[in-house]
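Reading the structure
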Amino acid sequence: MPAQAYAGKECVCQFRRGICDQTCVRDMMETTFYIACLKLTGRRCVVIGGGDIGLEKVEGLLACDGDVTLIAPDAIEPLQELAREGSIKWEQREYAGIEDLEATFIAIAATNHTDVNIRVYEDAEKRAMLVNIVDVPPLCNFILPAIVRTGPLAIAISTAGASPALAKRIKREIADKYGTEYARLAELLNDTRGWAKGTLPTYQDRKVFFESIVNGDPDPVELLRQGDEQAVLDLIAAAQQTASPA
């Protein structure tokens, strides 16, 4: 169950139970989340809270080219440095209300103040926008999975908030198994997408073409693991010749 929701702990969600009775988390494990990859480039992203968790969220948004605004009366030195260098905008004050979410694509709150967290969540819901209150899944309309990134390859791992520790273990294991050779194959196949779209007339034709390479013999991943990229390029060329209309 979520880290901040269990019987006997002070309630931190919108139900304001006083002492948590788990009302808000009973359906978390049964929730089917719609998994999507968001394009944040140039989009306004707001983070409320200037501590270590706020820094983690800011860095994640910056890694995806988000236009990040930090709202916090105080901030740890790394966040201050990001503001000084112009990587983020820092509005050095308390969260003011729904006006702080104007023209905002995504909001993340990482504060220790339940009332502030609830206000951010409720304000964001009124605007039908994406909002995540860190470590309080009932105050989220999306959750952040653990991510393995290698080049263009991104693999997301989610336990629906049940166990971040387990998600981190799975992340380590996946990172060990799916290394740089998979990312490189993705790049090589992407270089071929233009040819496939311009040459192969149907989706099914393109599907068969790419699967013949990815699942072919010899294995392109194993060839890249051995350092033989030219052999993979030869496989792609052979597949193009076979797939080209007569």
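Everything discussed here concerns the structure shown above.
Rules and cut-offs
- Residues numbered from 1 in each chain as written.
- Predicted model: local features only at pLDDT ≥ 70, side-chain atom pairs only at ≥ 80, totals over all residues.
- Heavy atoms only, no water.
- Helix = DSSP H or I, 4+ residues; strand = E, 2+ residues; numbered from the N terminus.
- Buried < 20%, exposed > 50% of the residue type's maximum accessible area, 1.4 Å probe, protein only.
- Contact = heavy atoms within 4.5 Å.
- Core = buried A, V, L, I, M, F, W, Y, C linked by side-chain atoms within 4.5 Å.
- Phe/Tyr/Trp six-rings, centres within 6.5 Å; stacked < 30°, edge-to-face > 60°.
- Lys NZ or Arg CZ within 6 Å of the ring centre and 35° of its normal.

So, on to the environment of Ile88. Tracing the sequence through the fold places Ile88 in the loop between α2 (77-84) and β3 (89-91). The buried category is assigned to Ile88, whose relative accessible area is 5%. Note: C-alpha distance between Ile88 and Val58 (30 residues apart in sequence) is 8.4 Å. Discounting chain neighbours no more than four positions away, the residues touching Ile88 are Val58, Leu62, Val68, Leu70, Leu79, Leu82 and Ala83.

Okay, the nonpolar core next. Core analysis: the largest hydrophobic core is formed by 17 residues, its most contacted members being Ile48, Tyr95, Leu101, Val120, Val131, Ile133 and Leu139. With five residues, helix α3 (residues 114-126) is the largest single contributor of residues to this core. When neighbours within four sequence positions are excluded, Tyr95 is seen to be in contact with Ile48, Ile71, Asp100, Leu101, Val116, Arg119, Val120 and Asp123. One finds Cys45, Leu61, Ala75 and Leu82 within the second-largest nonpolar core, a separate group that totals 16 residues.

The next subject is the packing of aromatic side chains. Evaluated as defined, the whole model comprises three aromatic pairs. Here the aromatic rings of Trp195 and Phe209 are separated by 5.1 Å at their centres, their planes lie at 45°, and the arrangement is tilted. Of this pair, Trp195 sits in helix α5 (residues 180-199) while Phe209 sits in helix α6 (residues 203-214), and the two are 14 residues apart along the sequence. The exposure class assigned to Trp195 is partly exposed, which follows from its relative accessible area of 25%. Measuring from ring centre to ring centre gives 4.9 Å for Phe209 and Phe210, while their planes differ by 70°; the resulting arrangement is edge-to-face. We note that Phe209, like Phe210, is buried. Site record: aromatic cluster; members linked through ring pairs are Trp195, Phe209 and Phe210. We note Arg43 situated over the ring of Phe105; from NZ or CZ to the ring centre the distance is 4.5 Å.

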